[in-house]
Amino acid sequence: MYIELFDINRHDVHEVKEILFMATGNPTSENLDSLLFEYYSNDNHSLFICKENNIITGIIGIDCSGKPLGFIKHLAVLPENRRRGIGGHLINETAKVLGLSIIELETDQDAVEFYIACGFSSKEIKSKYPGIRRFRCVKNMIE
Ligand SMILES: CC(C)(COP(=O)(O)OP(=O)(O)OC[C@H]1O[C@@H](n2cnc3c(N)ncnc32)[C@H](O)[C@@H]1OP(=O)(O)O)[C@@H](O)C(=O)NCCC(=O)NCCS
């Protein structure tokens, strides 16, 4: 498996949108298009894809405006390819390529165990939505 920066001219936008859908709060087609446009046009926002046998198996979107701190905005792996190390690989490789020493993100209860397994520390934070727990996770990438 290898990672590449998303390129609107080279990658299948439909395939990328299907995976981005899984990591987006309100994934209408218009919202996904504007997220992709934001990644493509904003130099501080980077979207990487993971490819294997020419299939896109996962995506990670990072805001690097606080470099060397990177903030994960989106991360998702195709359901049939989960638990094969792709999510962890996307985080580690992207941090290397972008020269990030700290990674932060906010997530819900579904994914917090994944981040803890990847070495992040987590702290529960106030949630905007009743009944939905939110966590802020942080990892020092150069330890
Ligand atoms: C969260 C997600 C990206 C993880 O991707 P993945 O490729 O399956 O993760 P990895 O294979 O790298 O997992 C590394 C470790 O994390 C832990 N882990 C992964 N998914 C987990 C889960 N659902 N529950 C508990 N632990 C989990 C495991 O310890 C795993 O190691 P193991 O398989 O050897 O036990 C993937 O489940 C996903 O796309 N979920 C839907 C979208 C989402 O929630 N994104 C995060 C939003 S911030």
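That block above? That's the structure.
Reading the values: rules and limits
- Residue numbers run consecutively from 1 along every chain, following the written order of its sequence.
- At least 70 in pLDDT is required for a residue's local features to be given in this predicted model, at least 80 for side-chain atom pairs to be given and counted, and no such filter applies to totals for whole chains, interfaces and linings, which use all residues.
- Only the C-beta atom matters for this test: placed from the backbone, it must lie within 6 Å of a molecule or strand for the residue to be near it.
- Starting at the N terminus, helices and strands are each numbered in turn, a helix being any DSSP run of H or I of at least four residues and a strand any DSSP run of E of at least two.
- Any residue that is not Ala, Val, Leu, Ile, Met, Phe, Trp, Tyr, Cys, Pro, Asp, Glu, Lys or Arg is counted as polar, Gly included; the first ten are nonpolar and the last four charged.
- Exposure classes come from backbone-placed C-beta atoms, where a residue is buried if 20 or more other C-beta atoms lie within 10 Å of its own, exposed if 12 or fewer do, and partly exposed in between.
- Two strands qualify as a pair provided DSSP detects at least 2 bridges between them.

1. Brief notes about the site of the ligand
Here's step 1: Close contacts around the ligand come from 20 residues, with Arg82, Gly87, Gly88, Glu113 and Ala117 the closest.
Here's step 2: Put simply, the parts of the chain that give the shell around the ligand at least two residues each are strand S4 (69–77), helix H3 (86–98), strand S5 (102–108) and helix H4 (109–117).
Here's step 3: If you tally residues by element for the shell around the ligand, the top one is H4, at five residues.
Here's step 4: Of the residues contributing to the shell around the ligand, the split by class is 11 nonpolar, four polar and five charged.

2. Brief notes about the pairing of strand S7 (residues 134–140)
Here's step 1: What you see with S7 is a clean split: Phe135, Cys137 and Lys139 sit on the buried side and Arg134, Arg136, Val138 and Asn140 on the side with no burial.
Here's step 2: The pairing of strand S6 (residues 121–125) with S7 spans five bridges and is classified as antiparallel. Each residue of the ladder has a partner; that of Glu124, found in S7, is Phe135.

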